[in-house]
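# Structure at a glance
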Amino acid sequence: MPEPEPQPYDPLKPGENGAIAPTGQGGAMDLALEEAESLEKPLTPGPGGPRERARSLWSDAWHQLRRNPVFLVSALLILFLVVISIWPQLIASGDPLHCELSKSQQGPAPGHPFGYDTQGCDVYTRTVYGARASITVGICATLGAALLGSALGGLAGFFGGWGDALLSRVADIFFGIPVVLGGLVFLSVVTSTTVWPVVGFIVLLGWPQLARIARGSVITAKQNDYVQAARALGAGNARMLLRHVAPNAVAPVIVVATIALGTYIALEATLSFLGVGLRPPTVSWGIDISNAATQIRNAPHMLLWPAGALSLTVLAFIMLGDAVRDALDPKLR
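About the cut-offs
Residues numbered from 1 in each chain as written. Predicted model: local features only at pLDDT ≥ 70, side-chain atom pairs only at ≥ 80, totals over all residues. Heavy atoms only, no water. Helix = DSSP H or I, 4+ residues; strand = E, 2+ residues; numbered from the N terminus. Buried < 20%, exposed > 50% of the residue type's maximum accessible area, 1.4 Å probe, protein only. Contact = heavy atoms within 4.5 Å. Areas by Shrake-Rupley, 256 points an atom, 1.4 Å probe, with all protein chains shown as cover. Axes fitted to C-alpha atoms, helices over the stretch in contact; angles between N-to-C directions. Parallel < 35°, antiparallel > 145°, perpendicular 65-115°, else oblique. Left-handed = near helix turned anticlockwise from the far one by under 90°. Phe/Tyr/Trp six-rings, centres within 6.5 Å; stacked < 30°, edge-to-face > 60°. Disulfide = S-S within 2.5 Å. Salt bridge = Lys/Arg side-chain N within 4 Å of Asp/Glu carboxyl O. 1 Å grid on protein atoms, 1.4 Å probe; cavity = no way out; pocket = protein on both sides within 12 Å on 5 of 7 lines; lining within 4 Å. Points joined across faces, edges and corners; volume = space filled by probe spheres on them. Nonpolar A, V, L, I, M, F, W, Y, C, P; charged D, E, K, R; others polar. Core = buried A, V, L, I, M, F, W, Y, C linked by side-chain atoms within 4.5 Å. pLDDT = per-residue confidence, 0-100.

### A look at the overall build of the protein chain
- On a plain count of helices and strands, the protein chain comes out with 12 helices and zero strands.
- Secondary structure elements of the protein chain occur, N-terminal to C-terminal, as α-α-α-α-α-α-α-α-α-α-α-α.
- Residues classed as buried in the protein chain amount to 38% of the 333 residues present.
- Long-range contacts, defined as pairs at least 24 residues apart, comprise 65% of the intrachain contacts of the protein chain with a sequence gap of at least 6.
- Entry remark: accessible area of the protein chain is about 19,200 Å², with carbon and sulfur atoms responsible for 65%.

What follows is the structure, encoded as structure tokens:
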């Protein structure tokens, strides 16, 4: 009888002649068999899998931010402050300018949980309405300084040359002006009772910081390979700046602007405290703190609530800026 032909050697087939056979002991043979079988399984999408679509910088930052409790708490607090600054009637039904001298410096009473100030005005109502001026100044000043500084700094960093040198020297001049002293000089001659002179002054002294941040970020971004490739393919300066450089250089500006917003609110309160910022009949935390400073021993509640609201607002924006910085900077992860 003819002998059966030998079967071809198959290293993945268990059996007598198989080089890899399950041993049931979890040893090297079983591990090699599992690895070999896993190569034949189709790849399935999953967290971190090979078919998962790569996230961009912004989506990755948002993915981290929404899991950061510091960001969530500060964002909710800022949202609450913005809502009451737009619609203060939601939580305060009184008139912040209605005062009764007979109730001057009285403590908390039913319907008036924060007491009364020197003029007999409700401290609670004035604290709620004071958020409008502070939030308006902070947001408008930050937007103005960010837009002006980003435009000037971005153009100077991208094109360089004499424009870059001129911008650097002008920024140095503005950096040499003391903020409080400059406010005392410039705002003392303004008679307007609106927020816009204060906003203009903060933008005037705030843009150099954001311009330097934008300049350095643009200089770093324009040296990347994708920008050089776009230049080699014939892309113009406008397309490279708006399409390739600016989106990858704006993150540091956003971080600094978010932190600076809280600083601008504190600056507005400081100038109003000194009597050169916002002026009556505008309702402001800085004005109320200034009026209460001389009566801190007799009626400390007059100072406690507007100062506490100011501190909480500044802290919320600083915490938000720190969370955004951590999310946008890969080196801090």
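There is more to say, and it comes next.
### Focus on the packing of helix α4 (residues 123-159) against helix α10 (residues 251-273)
- Two elements in contact, α4 and α10, have axes separated by 8 Å at closest approach and are oriented at 140°. Viewed along their axes, α4 and α10 adopt a mutual orientation that is oblique. In this structure, α4 crosses over α10, and the sense of that crossing is right-handed. When α4 is examined against α10, the residues Ser134, Ile135, Val137, Gly138, Ile139, Ala141, Thr142, Ala145, Ala146 and Ser150 are found in contact with a partner set consisting of Val253, Ala257, Leu261, Tyr264, Ile265 and Glu268.

### Description of the packing of aromatic side chains
- Throughout the structure, instances matching the rule amount to six aromatic pairs.
- With a centroid separation of 5.6 Å and an interplanar angle of 65°, the aromatic rings of Phe174 and Trp207 are classed as edge-to-face. Here Phe174, found in helix α5 (residues 161-175), pairs with Trp207, found in helix α7 (residues 196-221); they are 33 residues apart in sequence, far enough to count as distant.
- Accessibility expressed as a relative area gives 6% for Trp207, which makes it buried.
- Ring plane angle 40° and centroid distance 6.2 Å describe the contact between Phe186 and Phe201, whose orientation is recorded as tilted.

### Some thoughts on the state of the cysteines
- Here the structure, examined in full by the defined rule, presents one disulfide.
- At a sulfur-sulfur separation of 1.6 Å, the disulfide partner of Cys99 is Cys121. What sets the handedness of the Cys99 and Cys121 disulfide is the S-S torsion sign, and at about 60° it is right-handed. With Cys99 in the loop between α3 (69-86) and α4 and Cys121 in the loop between α3 and α4, this residue pair connects regions lying 22 residues apart in the sequence.
- Assessed through its relative accessible area of 3%, Cys121 is described here as buried.

### With respect to the pattern of salt bridges
- Applying the stated rule across the entire model yields seven salt bridges.
- Note that Arg169 and Asp172 form a salt bridge whose closest N and O atoms lie 3.0 Å from each other. You can see Arg169 and its partner Asp172 sitting in helix α5, three residues apart, about one turn around the helix.
- Ionic pairing is found between Asp326 and Arg325, a salt bridge with its closest N-O pair at 3.4 Å.
- Residue Arg325 is classed as partly exposed on the basis of its relative accessible area, which comes to 35%.
- Counted as one network, the salt bridges with shared partners bring together Arg169, Asp172 and Arg212.

### Side note on empty space enclosed by the protein
- Inspection of the entire model under this criterion finds one cavity of 30 Å³ or more.
- Residue lining of the largest cavity: Asp117, Val123, Arg126, Thr127, Asp288, Asn291, Ala292, Met302 and Pro306, and that is the complete set.
- Residue assignment for the lining of the largest cavity shows that the elements contributing at least two residues are α4, α11 (285-293) and α12 (301-328).
- A per-class count over the lining of the largest cavity returns four nonpolar, two polar and three charged.

### A short note on the nonpolar core
- Counting residues in each nonpolar core, the largest one holds 29 residues, and the members touching the most others are Ile265, Leu310, Phe317 and Leu328.
- Only α2 (57-65), α3, α4, α10, α11 and α12 provide two or more residues apiece to this core.
- Beyond its immediate sequence surroundings of up to four residues, Phe317 is in contact with Ile78, Ile135, Thr258, Ile259, Leu261, Gly262 and Ile265.
- By size, the runner-up hydrophobic cluster in this structure holds 25 residues, among which are Val195, Val198, Val199 and Phe201.

### Some words on α11
- Among the residues of α11, Trp285, Gly286, Ile287, Asp288, Ile289 and Ala292 are the ones counted as buried.
- Turning to α11, the residues buried within the fold contact α4, α10 and α12.

### Observations concerning the confidence of the model for the protein chain
- Per-residue pLDDT for the protein chain averages 82, and the proportion of residues at 70 or more is 82%.
- Here residues 15-21 scores under 50 on pLDDT; set against residues more than four positions off or in separate chains, the count is 14 contacts.
- Low pLDDT, under 50, characterises residues 26-44; the predicted model gives this stretch 16 contacts beyond four residues in sequence or across chains.

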